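What follows is the residue order along each chain.
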Amino acid sequence: MALSAPERTGLAARLRAALPSWPVALGGTLAWAAIMGASAALGLWLRGWETQDRIVDVTALFAAGGGLAFAPGLALARFAAGARPRGAAFAAVFLALSLATIGFTAAVYALVYRSYYAAWHADAFTITWVFQQVFTTLGALGQFAVLGLRLYFPVGFAALVGAALLFSRPPR
């Protein structure tokens, strides 16, 4: 069945067009995860962290966040940019990929943080437990904002600019 013009240009068509191809999604996910992990490792090394086993843990956490964030971030950027000029596409990729990366990494951090403190939480699904979940998660997100965001500099920021330049190019 052929689609009419309004159906082809509707929301569903824009969503489909925004999705990256599987080679871009897979390759970008692996590269972005490696770069975000390297950014965290370099940030920790530059700050003189002395617990080597924890550097591996933090590197893995940042790599996981970056890996989870790439495809949704790129899809959101492409959806937001649509057919706008390259400057708008650059801004969309820069904003969407940075927010997705920070958001997914903070979420992974909050899950790890929450799993540590779960031993002292009340029984599941009680009012006290709900309050503990909410405030433990908020505490984790605040701690990530203060301590974790700095690990994206200088490598993560440079990679973000490079990715925004790369993915804001007009298609061939």
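Residues numbered from 1 in each chain as written. Predicted model: local features only at pLDDT ≥ 70, side-chain atom pairs only at ≥ 80, totals over all residues. Heavy atoms only, no water.

**Section: the nonpolar core**
What counts, and what does not: What we call a nonpolar core is a set of buried Ala, Val, Leu, Ile, Met, Phe, Trp, Tyr and Cys residues that are connected through their side-chain atoms within 4.5 Å. Using a 1.4 Å probe on the protein chains alone, a residue whose accessible area is under 20% of its type maximum counts as buried, one over 50% counts as exposed, and one in between counts as partly exposed. Where helices and strands are cited, they refer to DSSP runs of H or I of at least four residues and of E of at least two residues respectively, numbered from the N terminus. In what follows, residue pairs with any heavy atoms lying within 4.5 Å of each other are defined as contacts.
With 19 residues, the main nonpolar core has W32, V58, F62, L97 and L151 as its most contacted residues. The biggest single contributor to this core is helix 4 (residues 52-81), with six residues. Contacts of W32, omitting those with residues within four sequence positions, involve G66, F70, L97, T101, A159, L160 and A163. Core analysis: the second largest hydrophobic core is formed by seven residues, A77, A89, A92 and A164 among them.

**Section: helix 6 (residues 127-148)**
To keep it simple, the criterion reads: Every helix has an expected span of 1.5 Å times one less than the residues it contains. Taking the helix axis as origin, the arc is that swept by the directions to the C-beta atoms.
Look at helix 6: 30 Å from first C-alpha to last across 22 residues, which is about the 32 Å you get at 1.5 Å a residue. Those residues of helix 6 that fall on the buried side of the exposure criterion are W129, Q133, T136, A140, F144 and G148. Buried residues along helix 6 cover an arc of 75° about the axis, so they all sit on one side. In helix 6, the exposed positions angled more than 90 degrees off the buried face are occupied by I127, F131, F135 and V146. In this structure, the buried side of helix 6 is in contact with helix 4 and helix 5 (86-117).

**As for the packing of helix 4 against helix 5**
Heads up, the rule is: Angles run from 0 to 180 degrees between N-to-C directions of axes, and those axes are lines fitted to C-alpha atoms, restricted for helices to the stretch in contact. Here a crossing is called left-handed whenever its near helix is offset anticlockwise from the far helix by less than a right angle, and right-handed whenever the offset is clockwise. Charged means Asp, Glu, Lys or Arg here, nonpolar means Ala, Val, Leu, Ile, Met, Phe, Trp, Tyr, Cys or Pro, and polar covers whatever is left, Gly included.
Viewed as axis vectors pointing N to C, helix 4 and helix 5 meet at an angle of 145°, and their least axial separation amounts to 7 Å. Where helix 4 crosses over helix 5, the handedness of that crossing is right-handed. A breakdown of the residues in the contact of helix 4 with helix 5 according to their chemical character gives 21 nonpolar, five polar and no charged.

**Re the confidence of the model for the protein chain**
Selection criterion: Per-residue confidence from the predictor is reported as pLDDT, which spans 0 to 100.
The pLDDT averaged across the protein chain works out to 92; a share of 94% of its residues lies at or above 70. Helix 3 (residues 22-46) holds the highest mean pLDDT among the elements of the protein chain, 97, whereas helix 1 (residues 5-8) holds the lowest, 50. In this model residues 1-7 is a low-confidence stretch, pLDDT under 50, and it forms two contacts with partners more than four residues away in sequence or in other chains.

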